[in-house]
Structures are given as C-alpha cells and as structure tokens.
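A structural walkthrough
Listed below, chain by chain, are the residues.
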Amino acid sequence: MSQPLAVKTENLGRIYKIRNNRKEKQRELLALENVNLEIREGELFGLLGPNGAGKTTLIKILTTLLSPTSGQAWVAGFDVTKQPAEVRKRINMVSGGETSGYGLLTVRENLWMFAQFYGIPSPEANRRIQKLAEIVGIADRLNTKSSDLSTGLRQKMNIIRGFLTDPEVLFLDEPTLGLDVGASRDVRSFIRRWMDENPHRTLLLTTHYMVEAEELCDRVAIINQGRVLACDTPARLKQNLRHEIFFQVWVIAPRLLDDYSFLQIPGVKHFHQFPEEDSLRLEITLEEEAVLSEVINEFAAQSARILRLEKREPTLEDVFVQLVGQRMEEVENVTVSAN
Amino acid sequence: MSLFPPIEKKRSGWQLFLMTVVGRSYPRVVGMQRERSWMFFDVFLPLLSVAAYVFVYRAIGAPEDYVGFVVVGGAMTAFWMNVLWSMSSQLYWEKEQGNLALYIISPAPMMAILLGMAVGGLFATLLRAIAIIAVGSLIFNVTYAVSSFWQLIAVFSLSMIALYGLGMMSASIFLLLSREAWHLANLAMEPVYLVSGMYFPVKNLGFWAAAAASVIPLTLGLDAMRQLVFASGPTLGFLRVETEIGILIILSIVFVTAARYLLAYIERLAVREGRLTENRR
Amino acid sequence: MQKSINLRSFLTASWLGWQIESNWTDPFLFATYSIIKPVAGAAILVLMYSIVTQGNFDSPVFAYLYLGNAFYQYVPAVLTGVSWTIIDDREHYRTLKYIYTAPVNIPFYLFGRAVAKFIVGTFGVVITIAAGVLFLNVPLDWSRVDWPLFLVALFLGVLMLALGGLILAGITLMTARHSYYIGDVVAGGLFLFTGAIFPLEVLPGWLRPVGYILPITYWLELIRRSLVGAVAEAFPTFTALSNGDLLLILAGSSLVFGIASIFIFRYCDHQARERGLIDQTTNY
Ligand SMILES: Nc1ncnc2c1ncn2[C@@H]1O[C@H](COP(=O)(O)OP(=O)(O)OP(=O)(O)O)[C@@H](O)[C@H]1O
Ligand SMILES: [Mg+2]
C-alpha cells in the first residue's frame, strides 16, 4: 500500500439541468466529465482553470453539497454520497467572496459560533481564534461587527473559519479573491505554513491565478470545460514544454499586428498580442531559436519597432495554452450541452 | 513551538447537539440585544391586534369567556409565528446568505441548527405571550379557573414539542425551495389561525373539520388549555382533555421522528438536485 | 427632467415588482395563493360572528365588520409593499446601494415596487367581497353604489397608505431585518383603532382619540358610505359629518401625513447614509 489517499474520484461527472424560464425546455449542461483524481494525504493540490471550468462544482461534490450524476468520490476514505456524516467531521471549506456569518455579530462571535458547530469547546475555540487572528493580522478587528468589515477583512475572517476547526482535508475555493497583492501573499504563506506543520493535513485549492498555483501547490490539475486536461507537479507540467522557447517582446506598431502572417512562419507555435499603455506586448512560442530571425523580419515587414525582447521560462499559463490552444483569459466558456 | 496545534477533543453526539443549539441561538439573542426595535413591533403591536379581536366579540355581544379564548389564542399565536418566521423562513435567509451550505458541511445536526434558531427567538415569543396574557387579565378582566395545573403543564409542553417538530418538517422544504417556500410559510398564517381555532372554540368547525384540523398541534393544545383554564371551557371543548393529551403525545412522537427523517431525506434530494447553494431569485 | 425620472422610477419599479411577485410559481398556484390568504382571514371573523349570533348575517353589524375587514386588506398590502422593498433590496438582492447610486427617485421607486402587492391585494378584496355578496347576504346593491365617491376615496386612501409605507420604509432603513413584515404588524396593530371591524364606540374612551387621528378611520367610513349607505347610517360614529366633510378630513389628514412622511423618510434616509447603513446586512 502506498500513502493513504485524502481525495479520490473515479469517473466523476455532473450534469446540471437548466431552464431559463418556465416555458423553455430543459437543457443539460455538462459541468464535469470523467474526472479521475487522486490526492495524497499531506498534499497541497491545486485546481487551475478559467471561469466556468467546473472547479466549484467539483468542490461542492467533495464537500457533500452536491451529488455527482456519474462516478464516485471519496474524501478521507469515505464515500461523499453514502457517508456524508463521516466526511463532514473531517473537512471544512472556504469560498472566496462568501458572505457567511451574521452581520450583527462581531468577527470573534461569528468564528466562535462556527466552532460550536464542530464541537470545539469554547476556551479552546477562543484561544485558537485569537491566535489565528494574530497570524492573519486581524487581531485588532476581532470586536468589529462583521457587517462593517471590508471585503479583504471579511475574506480573512472566512479563512480563519476554515482553519479554526483543524480539518483533515480543507477545501479553499479561490481563497484570495478580493485580496490585494500583499494580503494574498500573506494568505499564501499562511497556507504553506499550516501544511508544513503537519504531514497529515491535505488542502485542495482552486484558483485562476497562475502564480498562486505555481508558487503554492505540490501538484496541479488543469481543468477546462469540465475535463481534467493534465495533472502533475508544476515543474513536470512545464517540463513537457522544454522543447519550446518562449519570448516576450514589446514593440511599437502603428496598429495591431496581423497574427496570421506570424503563425504562417514555420516553427511559430503561438502568437498572442496584448496592447499596453504605449506599446504592444507579444507572447511568442517558438519550436527552435533559429525561427526568431524570421519573426524579427516579419516585424519589420509590418513596420513594428522592437523596444525590448526577452526570453523567459515557461509558466503554467504556457502549459494551459499548450493544452487548450488559447490563453486562459481568452477562454469563452460557451455552454456545453450534453446532448 | 507549533503554531497550529491539533484540537485535543472535538465533542460529538448529544454534546455537539447542545453546543450547536447554543451556538445558533447566540446570534439571535445577541442580535436582539443590539437592535431593540423588535420590542415595539414584535410585542406591542401584536398585542393591539389581539385586542382588536377581543373588541369584535364585545361588539357582537359575545359571552365574556370568549374574550379569554381570544387572549389565550393570541398568546399561542406567538409560538406559531416563532416556528414559521424564526425557524422555517429563517432557513431561506440562511440559504441566500450562504450560511446553509456551511451548516450542511459541518458535522452539526440540522435539527440542532433549527432548534437553535427557534430557541434564540423564544425570548421575544415568551415576552409576547406573557404580555398578551397579562394585558388580558389586567385590562379585559379575564378570570382564569385552572382545574388541573399538571395537566396544563403537560398540554403546553406537548403542544410545543409537536409544534416545533411540525416546524422542523416544514423547514425541510426550505432546503429544496427558496422563494416558493417563503410564500408557503406566509400562507400558513391566516388559514392556520382559522382551522386551529385561535379565536374561537374549534368545536364550531364541526366534528370532521375539527378532527382534520387536529393535525396541527395548536388545535388540540389550545382546546385542552382552554378547557383547563376557563370555567366554561369544558362545555365548549372539542374532546376530553385526557383524549387530547393522548393525541398530543402521538403527534409529538410522530412529528419529531418524521422531522428527523424528512430533513435527512430532503437534504439528500437537495444535494442531488444541487439546490443547497443556489440563491438569489 | 425631474418629472420623467420620477415617472421612470415608478414604472420600472412597478414592472420589477410584478416580476418578483408573480414569477415564483405558475399562474394557477399564484392565484390560489392570492385567494386563500384573504378568504381565510375573512372566514375567521365570519365564524366568530356566526358562533356568537347563531348566524344572523342580516344584521348591519355583520356587513360593517365584513366590508371593513375586506378593505382593510389594502392596509398591510400597501404598507408592506412600500417598506419591505428596503429589506428585499438591501439584504436579499443586495441592490439597494445600486438603486441609491442610480438616477432614481427612491420614494417613487418604492411606490412602484408596491404596485404588485396592491394588485394582489385588490384581487383579495374583490374575492372577499364577492364571497360575501354571494354566500353571506352582504347587502351590496350595485345600482346604489356611489361610484365617484368610492373611487375618489379609494384613490386618496391608497395614496395615504403609500405615504404611510414611506414612513415605515424610513424606519426600516435604520433597523435590522427582523423576522416579520413591519407593514403587516403595524397594520395589525392599527386594526384596533380604525373602526375596521367594530364601531369606535366599542373602544374604551381613552383609546378612541387614536382612531380619530388616523386617516384610515375616515377612509374606511367613506368606503362604507359609498358602497352600503344603509349600513353606515346604522352606526353613529360619524353621523355629524357629511361625505364632503369626511373627504375633506381624509384629504387634509393625508396631506399632513404625507408631509410628515416625506420629512421622516428624508430624516431616516439621511441618518442611514450618515451611519453607513444603506448596504448593511443584518441577518442574525
Ligand atoms: N446550480 C447550477 N445550475 C446550473 N448550472 C450550473 C450550476 N452551478 C454551476 N453551473 C454551471 O456549471 C459550469 C461550471 O461551473 P463552476 O461554478 O463549477 O465553475 P468554476 O470553475 O468554479 O468557475 P469560476 O472560476 O467562475 O468560479 C458553469 O457553466 C456554470 O454555469
Ligand atoms: Mg468557482
């Protein structure tokens, strides 16, 4: 036997039946299809995907809020549909932007209340609240009514709620939503510390921030349109791209460049352009360095003047592009009909 | 030193049940402390509307004991309102706000959460019931003639158990529906007042209608209480008090058990349909 | 320009209110829902009456109480319609802050949102009256109804109630969401004073003045006089006053009420902004 599995899914699928109004016929929407994941105990696992990819749906299934329409899933060794009570003793969940708790209660009171639902005796609950608040940096706001909190502070309160009950498996759905750069960094280092301290803790996190997945996660699953396209450590995912060369180029051009003529050049794999304030940023993927000279010639042909050109290391974003053929922010999740 | 020490001992079973009740009633109790406006709206104004029914009886020249009937009925209305608005419909708000999902994924039993909501609102309810009874005696000179104190206690407790059991059953539909259920709860006011005989002896509905109405625990509870506290009560009563106590015992057991199974069943249904987290309609 | 904003606020809100009010179920269920509540409410009084009087429905007392109760349904409907919108938009749809930042006239917006409740309320009133005429000998003779008086009184009354709702909306802006409809409980409380289901003489002397202050009292008397003159004459409360006097009093008190409500709403509104309560959520 290898290490015990904290989360396991087998051909997991979920179809939503949707109807926009009473008269319309029901349609089916495929939110998850054939998902097979194995997350080991002690792993910090990331789910990376664009809006509507099915991340939240997967988390809902694993936290016993939604049943799958096909396949099976286990959390901490228990079947999520057949033994929800056992699963619930061992998990907790925090979603970005959630508005849970009661506005008339203070932060401390809200957190204490949730601790009660997990059977944590009050003295211990209060000790932990104090300590977690100090780490997250909202100790001075513990006595503020939660309706008076800013988005960021509220999210920190939610995050404390998740860690407060010391779950075996913790689900974080976009935990840094609404946090500024500094606060996100704090939260990330907090998550890492929590994980490092005890090898039996497992954490599943969804995000659409590449950096978050890259910096934090032991393994990442890339998910799009309900399907898991790849699942490995960030390093190994990027390894697959070792034959490709990534350039970032800033040019000044009279108008947007003609993508097509660049993609025509043999050896150019991807070409994306992003207008910035007074220049145009280009993300170019090549099969070999030698192609670069032809690309530069094409710039001249389209009368674009190069400001800066740099070669860079591949990122998870490039992995996504390789898998989906589009950049993450370009993916339009058109409704997928099951039949 | 470890920053996040593991939790020594998490409670479970009945201890968890009690902690959950306390935990969920806390916001209600504290909320009422911090926002006093309910005193006027939830205690004083309902007092006036009960008084209106008293004066209707005066206007049409009813026997004085009917005034007492209205007072007792009005006091018991408070508990039905507590069941409907602090327990059942409250679940609608919890769902809209995202708390319901967190309750479901916690190991806390749903019945304890519901009970917590009701217990938290019980203070206002009791205050209202007591105010109505007090005003009834002081201003309307209602005279009580309690024939058996112990039976009265038994009837009241049993009606409450059955009533809150029924409330939990109706709360379960909120797991599945949202705004629709809110309307259904709203609908359960006047018709329930009507059939449970809040303002008149239920006997007057006729035997079969009264028997059907007895499914609502308030009906027999009120009827028995009136028989026990008013001199003319027994002549206007529907069934013998002992029989009514017997039926109330059965209702209590059935409703509380049914609530347990129904909550579990509807939760499974809601999980399947993905209704636990859907909101904003 | 200002006028068009008011009108647009009102119309858009009416449309929105109707969508919200009617869209939660299919029309059949909606109709049933709209009927059961008022019919059950009336049936309580009918049973109380028939138990005590052994079913003497021909007495003017019965018509008095039946019609008073039927029309009183407008009071909770309009009061709640106007004031509950604050809670619904603030805590449920969380759109109140956007309404506030949009070029919308808030009172007109609130009135608009109440239109749906008014329509459903009207439905209830009509059903109740029809049941009374068909089954309970309520002496309503269509040929002898004073229609102009009825319509003017109804219009003034609804306007007055809407302004009353505005006061409650103001209060709601400053208070938490409790578990009840503020409009309904206030209506329930005023039921006692307005002579809706019994003449004011039944009240002890020290409570009667409250009834004389409330415009609702005069409104209900006017409605009774316009629909069933004979019944109204059987009760002495306002015999000294002619229809014109009553209309004048209703209009006058509505005006005073209206001015007060605008000031109260403005005050509460100002306070709510001052204390940052516009987008609070007060679930507890
Ligand atoms: N209750 C529901 N009923 C119908 N369709 C739903 C429901 N919940 C989600 N969907 C649909 O399922 C798909 C996946 O949604 P999901 O919320 O899992 O995406 P996500 O990856 O979490 O996206 P995001 O990054 O925007 O949070 C989407 O197309 C969404 O519209
Ligand atoms: Mg999501």
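Computed from a predicted structure; not experimentally measured. (Residues numbered from 1 in each chain as written. Chains lettered and ligands numbered in written order. Predicted model: local features only at pLDDT ≥ 70, side-chain atom pairs only at ≥ 80, totals over all residues. Heavy atoms only, no water.)

With that out of the way, let us pick up the interface of chain A and chain C. The interface of chain A with chain C comprises six residues on the first partner and ten residues on the second. Summed over both partners, the interface of chain A with chain C buries about 600 Å², with 54% contributed by carbon and sulfur atoms. At the boundary of chain A with chain C, the tally comes to zero salt bridges. At the boundary of chain A and chain C, one finds zero residue pairs in polar contact (both at pLDDT 80 or more). (Contact = heavy atoms within 4.5 Å. Buried area = accessible area lost by both parts, 1.4 Å probe. Salt bridge = Lys/Arg side-chain N within 4 Å of Asp/Glu carboxyl O. Polar contact = N/O pair within 3.5 Å; in protein donor to acceptor, adjacent residues only side chain to side chain.)

Time to look at the nonpolar core. Core analysis: the biggest nonpolar cluster contains 280 residues, and Phe163, Phe171 and Leu203 of chain A, Trp80 of chain B together with Phe71 and Trp219 of chain C have the highest contact counts within it. If you look at the next biggest cluster of nonpolar residues, it comprises 18 residues, including Ile245, Phe247, Val268 and Phe271 of chain A. (Core = buried A, V, L, I, M, F, W, Y, C linked by side-chain atoms within 4.5 Å. Buried < 20%, exposed > 50% of the residue type's maximum accessible area, 1.4 Å probe, protein only.)

Turning our attention to the site of ligand 1. All names here are of chain A. Around ligand 1 lies a shell of 14 residues, among which Gly52, Gly54, Lys55, Thr56 and Thr57 are the nearest. At 2.5 Å, a side-chain N or O of Thr56 approaches an oxygen atom of ligand 1. Contact between ligand 1 and Thr57: an oxygen atom at 2.5 Å from a side-chain N or O atom of the residue. Isolated, ligand 1 exposes 630 Å² of accessible area, and the fraction of that covered by the protein chains is 69%. Those elements giving two or more residues to the shell around ligand 1 turn out to be strand E1 (5-18), strand E2 (27-40) and helix H1 (55-62). (Near = heavy atom within 4 Å. Areas by Shrake-Rupley, 256 points an atom, 1.4 Å probe, with all protein chains shown as cover. Helix = DSSP H or I, 4+ residues; strand = E, 2+ residues; numbered from the N terminus.)

So, on to the packing of helix H7 (residues 147-174) of chain C against helix H10 (residues 215-227) of chain C. All names here are of chain C. Two numbers describe how H7 lies on H10: the axes approach to 9 Å, and their chain directions differ by 160 degrees. Judged on the interaxial angle alone, H10 and H7 are roughly antiparallel. Every pair of crossing elements has a handedness; the one defined by H7 and H10 is left-handed. From H7, Leu149, Phe150, Ala153, Leu154, Gly157, Met160 and Leu161 reach across to H10, where they touch Pro215, Ile216, Trp219, Leu222, Ile223, Ser226 and Leu227. Residues belonging to the contact of H7 with H10 are distributed by class as follows: twelve nonpolar, two polar and no charged. (Axes fitted to C-alpha atoms, helices over the stretch in contact; angles between N-to-C directions. Parallel < 35°, antiparallel > 145°, perpendicular 65-115°, else oblique. Left-handed = near helix turned anticlockwise from the far one by under 90°. Nonpolar A, V, L, I, M, F, W, Y, C, P; charged D, E, K, R; others polar.)

Taken together, the contact pairs 43 residues of chain B with 44 residues of chain A. The contact between chain B and chain A buries some 3,900 Å² in all, and 60% of this surface belongs to carbon and sulfur atoms. Considering only the side of chain B, the residues that lose the most area to chain A are Phe4, Leu102 and Ile105 of chain B, jointly responsible for 20% of the buried surface there. On the surface where chain B and chain A come into contact, there are two salt bridges. Notably, a salt bridge pairs Glu109 of chain A with Arg34 of chain B, separated by 2.9 Å at the nearest N-O pair.

What follows deals with the pattern of salt bridges. Under the criterion given, the structure shown has 39 salt bridges over all chains. Residues Arg161 of chain A and Glu98 of chain A are paired through a salt bridge, measuring 2.5 Å at the closest nitrogen-oxygen approach. Of the two residues, Arg161 of chain A is situated in helix H5 (residues 151-164) and Glu98 of chain A in the loop between strand E6 (91-95) and helix H3 (107-117); the sequence distance between them amounts to 63 residues. According to the relative accessible area criterion, Arg161 of chain A is buried, its value standing at 4%. Across the pair Glu242 of chain B and Arg240 of chain B runs a salt bridge, and its minimum N-O distance is 3.2 Å.

A word on the side chain of Arg128 of chain B. Tracing the backbone shows Arg128 of chain B in helix H5 (residues 110-139). Assessed through its relative accessible area of 9%, Arg128 of chain B is described here as buried.

Turning to the domain arrangement of chain A, a few remarks are in order. Looking at chain A, the domain boundaries give domain 1 (38-66 + 78-239) and domain 2 (245-313). In this structure, domain 1 of chain A and domain 2 of chain A have C-alpha centres spaced 40 Å apart. (Domains from an automatic or database assignment.)

So, on to the packing of aromatic side chains. All names here are of chain C. On inspection of all chains with the given rule, the structure shows 44 aromatic pairs over all chains. Seen in terms of ring centroids, Phe57 and Phe62 are 4.7 Å apart; in terms of plane orientation they differ by 55 degrees. Their pairing is tilted. The two residues Phe57 and Phe62 agree in class, both being buried. Relative to Tyr74, the ring of Phe71 lies with its centre 6.4 Å away and its plane at 40 degrees, an arrangement referred to as tilted. By relative accessible area, which is 3% here, Phe71 ends up buried. What makes Tyr74 buried here is its relative accessible area of 3%. Pairwise contacts between aromatic rings join Phe71, Tyr74, Phe118, Trp142, Trp147, Phe150 and Trp219 into one cluster. (Phe/Tyr/Trp six-rings, centres within 6.5 Å; stacked < 30°, edge-to-face > 60°.)

Turning our eyes to something else, we now look at the sheet that holds strand E3 (residues 44-48) of chain A. The strands making up a sheet are joined through hydrogen bonds of the backbone, oriented either antiparallel or parallel. Residue and element names in this part refer to chain A. Spatial ordering of the open sheet is given by E6-E7-E8-E3-E9-E10, a layout of six strands whose pairing is mixed. Looking along the sheet, the strands with just one partner apiece sit at the ends: E6 and strand E10 (227-232). Averaged over all neighbouring strand pairs, the angle between strand axes comes to 15 degrees, with direction disregarded. Pairing of E3 with strand E8 (residues 202-207) involves five bridges; the strand directions are parallel. Across the sheet, residue Leu47 finds its bridge partner in E8, namely Thr206. Relative to strand E7 (residues 169-173), H1 is tilted by about 150 degrees, and along the sheet it contacts E3, E6, E7, E8 and strand E9 (219-224). Strands in contact with helix H11 (residues 316-324) are E3, E9 and E10; relative to E9, the strand with the most contacts, it is inclined by about 40 degrees. (Pairing = 2+ DSSP bridges.)

Here we come to unusual backbone geometry. Residue and element names in this part refer to chain A. Notably, Asn11 is not glycine yet its phi reads approximately 45 degrees, a positive angle. Among the structural elements, Asn11 can be located in strand E1. At Glu174, a residue that is not glycine, the phi angle is positive and equals roughly 50 degrees. Counting through the fold element by element, Glu174 comes out in the loop between E7 and helix H6 (181-197). A relative accessible area of 16% means that Glu174 is categorised as buried.

Residue and element names in this part refer to chain A. Examined against the element boundaries, Lys145 turns out to sit in the loop between helix H4 (122-136) and H5. C-alpha of Lys145 to C-alpha of Lys131: the two residues are 14 residues apart in sequence and 19 Å apart in space. In contact with Lys145, not counting residues within four places along its chain, are Gly103, Leu104, Leu105 and Thr106.

Below, the discussion takes up the packing of helix H2 (residues 27-53) of chain C against helix H3 (residues 60-72) of chain C. Residue and element names in this part refer to chain C. Running from amino to carboxyl end, H2 crosses H3 at an angle of 165 degrees, the nearest separation of the two axes being 10 Å. Taken together, the axes of H2 and H3 lie roughly antiparallel to each other. The two elements H2 and H3 meet at a crossing, and its hand is right-handed. On H3, the residues touching Gly41, Ala42, Leu45, Val46 and Tyr49 of H2 are Val61, Phe62, Leu65, Tyr66 and Asn69. The residue makeup of the contact of H2 with H3, split by class, is eight nonpolar, two polar and no charged.

Another aspect to go through is helix H3 (residues 65-97) of chain B. Residue and element names in this part refer to chain B. Its 33 residues give H3 an end-to-end C-alpha distance of 47 Å, which sits within 8% of 48 Å, the value for a rise of 1.5 Å per residue. Where H3 bends most, the angle comes to about 40 degrees, and this point is Gln90. Just past H3, the residue Gly98 takes up positive phi, approximately 90 degrees. (Expected span 1.5 Å × (residues − 1). Bend = angle between axes of the 7 residues up to and from the residue.)

The subject of this paragraph is a nonpolar patch on the surface. All names here are of chain B. On the surface, Tyr144, Val146, Phe149, Trp150 and Ile153 cluster together to form a nonpolar patch covering roughly 540 Å² of accessible area. Along the chain, Ile153 turns up in helix H6 (residues 149-176). Ile153 sits in the partly exposed class, given a relative accessible area of 37%. (Patch = residues over 30% accessible without salt bridge, like charges linked within 9 Å, V, L, I, M, F, W, Y side chains within 5 Å.)

Moving on: the sheet that holds strand E5 (residues 78-79) of chain A. Residue and element names in this part refer to chain A. Reading across from one edge, E2-E1-E4-E5 is the order of the four strands in this open sheet, with antiparallel pairing throughout. Lying at the two open borders of the sheet, with one neighbouring strand each, are E2 and E5. In this structure, E1 lies alongside strand E4 (residues 70-75), joined through five bridges in antiparallel fashion. Residue pairing in the sheet places Val7 in a bridge with Val75 of E4. Across the sheet, H1 touches E1, E2 and E4, and the angle it forms with E1 is around 115 degrees.

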